[in-house]
Amino acid sequence: MTTTPRSRARSFDSAAALYGQHRPGYPEALYDAVEELAGRRFAGARVADVGAGTGIGTAPMRARGAEVVAVEPGDGMAAEFRRTRPGIPIVRGDGDRLPLAGAAFDFLTYAQAWHWTDPARSVPEARRVLKPGGALAIWWNDLDESADWVAGQAERIRAFFGAGGPGGAIAGGSGAVGGSAQALGYRTLPRGLGSGLDSGFATRSVPWSRRIPLEAHLANLASHSAFLLLGEAGTREFLDAERERLDPLFPDGTVEEPYVVTLSVAVIRDGAVAALADGAPGT
C-alpha cells in the first residue's frame, strides 16, 4: 500500500471524533512560551490556526482573549470542529493556499501541522498574511522517550511499521507515532528558501504530562495516521499486544503519559524575519 502526505493527512477525516476525544491537549506553559517568544500576548490579537483539526490547539488561544479563525482542509475534521467549537469561525484551506487576507494577523500557528505543508508555498503564504511584527509559531507534541516505557513502546512501533513488520506496507513510516520531533526528519523548519527563516526561529521545549486510562492511551495511538491507514485488523493486532505489555506496568489502569512540546517562533519585521531573545535557542 503506497501512501502520500496528502493521503496521510486526510486519513484523520475518517476518525475525527476519535482524534478529538483522545489526542492530548497542550499545557498552558506552551501558550506562555509562544507569547514570550512573540513579544506579545494573545489577548486582543488576531490569530489564524492552520491545520486546526478538531480545535485542540485553537480553543486555548480563544480562551486567552484572541480573535481566532481556524483553517482546516479536511471534511471530517472541519465537521467535528464545528460540532465541538461552534463559537470559533473556521474556513476551509491549508497552509499552502491560505484563504486569508494579507497583513491581517498577529499570529499564524501550526499545532502538529507544519509538516503537512510544502514550505516553498507555505512560507510565502505565512509572510503574506502576517502583519509586520507578527509571529509564525510552529509546535509538535511528542511522548517523551526518556521514560523507559515510552522508549520501549516507540521501538515496538518502529519495528511494527518497519520493512519486516506487519505494518511495513505503509510507506513513509509511522509518522508522529513512535518517534520524537528531533528524530523525525520530515519535521524540519524552513531552510534554503531565501526567506530569512533559516536562522529566524527561537525554540523552546515544554515538558508536561497527563494521566489517562490505559484504554484512552491505546485510543490515542490508534488516532495516528499510520494506524488509520493500516486498517482495523492490523491496528487491533498491535493494540491487543500492547495492552498485554502495559497492563503489568500500570496495574491500576491509569497511564501517566509524559510529553515534550517542541516550539519554534519567528517574528516578521519589515519584510524580514527575526527571532527574539537574540535568536538563541531556548531549552
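From a predicted model like this one, the values you see are computed outputs, not experimental measurements.

> Please clarify how helix H6 (residues 119–129) should be interpreted in this entry.
Structurally, the α-helix is built with 3.6 residues per turn, so residues lying three or four positions apart point the same way. Among the residues making up H6, those that are buried are Ser122, Val123, Glu125, Ala126 and Val129. Buried residues along H6 cover an arc of 165° about the axis, so they all sit on one side. Looking at the buried positions of H6, the neighbouring elements they touch are strand E4 (105–111) and strand E5 (130–143).

> For this particular structure, what's the right way to read the environment of Ala17?
By the element assignment, Ala17 lies in helix H2 (residues 16–22). Taking C-alpha positions, Ala17 is 10.0 Å from Arg83, a pair spaced 66 residues apart along the chain.

> Just checking my understanding: could you explain the packing of helix H7 (residues 148–160) against helix H10 (residues 232–246) for this structure?
A pair of packed helices is characterised by two quantities: the angle between their axes and the separation of those axes. At a minimum axis separation of 12 Å, H7 and H10 run at an interaxial angle of 155°. Our classification of the angle between H7 and H10 gives roughly antiparallel. H10 is crossed by H7, and the crossing has right-handed handedness. In contact with Trp149, Gln153, Arg156, Ile157 and Phe160 of H7, H10 contributes Gly234, Glu237, Phe238, Glu242, Arg245 and Leu246. Of the residues assigned to the contact of H7 with H10, the class counts are five nonpolar, two polar and four charged.

> For this particular structure, what's the right way to read the pairing of strand E2 (residues 67–72)?
Looking down a regular strand, the side chains alternate between one sheet face and the other. Among the six residues that make up E2, five are buried, leaving the element largely enclosed by the rest of the structure. The sheet contact formed by strand E1 (residues 46–50) and E2 spans five bridges and is parallel. The residue bridging Ala48 from the neighbouring strand is Val69, located in E2. This β-α-β element, E1 to helix H4 (residues 58–63) to E2, shows right-handed connectivity. With three bridges joining them, E2 and strand E3 (residues 90–92) adopt parallel strand pairing. Bridging across to E3, Glu72 finds its partner in Arg92. A crossover links E2 with its parallel partner E3, the connecting element being helix H5 (residues 75–84), and its sense is right-handed.

> Can you walk me through the packing of helix H8 (residues 214–222) against H10 in this structure?
Here H8 crosses H10 at 145°, and the two axes come no closer than 11 Å. H8 and H10 meet at a crossing whose hand is right-handed. Where H8 approaches H10, its residues Leu214, Glu215, His217, Leu218, Leu221 and Ala222 are matched on the opposing element by Thr235, Phe238, Leu239, Glu242, Arg243 and Leu246. Across the contact of H8 with H10, the residue classes break down as seven nonpolar, two polar and three charged.

> I tried to follow the nonpolar core on my own but got confused; where do I start?
Grouped together as the largest cluster of nonpolar side chains are 30 residues, with contacts concentrated most on Leu30, Val34, Phe42, Val47, Phe107, Trp139 and Leu263. Going through the elements one at a time, H2, helix H3 (28–38), E4, E5, strand E6 (202–213) and strand E7 (254–269) are the ones with two or more residues in this core. Looking at this core, the element that brings in the most residues is H3, giving six residues. Once residues lying within four places of it in the same chain are set aside, the contact partners of Trp139 are Tyr26, Leu30, Tyr31, Val34, Thr109, Tyr110, Ala111, Gln112, Val261, Thr262 and Leu263. Of all hydrophobic cores here, the second largest spans 22 residues; its members include Leu108, Ala113, Trp114 and Val123.

Parameters and conventions
- Residues numbered from 1 in each chain as written.
- Predicted model: local features only at pLDDT ≥ 70, side-chain atom pairs only at ≥ 80, totals over all residues.
- Heavy atoms only, no water.
- Buried < 20%, exposed > 50% of the residue type's maximum accessible area, 1.4 Å probe, protein only.
- Helix = DSSP H or I, 4+ residues; strand = E, 2+ residues; numbered from the N terminus.
- Arc of directions from axis to C-beta.
- Contact = heavy atoms within 4.5 Å.
- Axes fitted to C-alpha atoms, helices over the stretch in contact; angles between N-to-C directions.
- Parallel < 35°, antiparallel > 145°, perpendicular 65-115°, else oblique.
- Left-handed = near helix turned anticlockwise from the far one by under 90°.
- Nonpolar A, V, L, I, M, F, W, Y, C, P; charged D, E, K, R; others polar.
- Pairing = 2+ DSSP bridges.
- Right-handed = clockwise from strand over helix to strand, strands pointing away.
- Core = buried A, V, L, I, M, F, W, Y, C linked by side-chain atoms within 4.5 Å.

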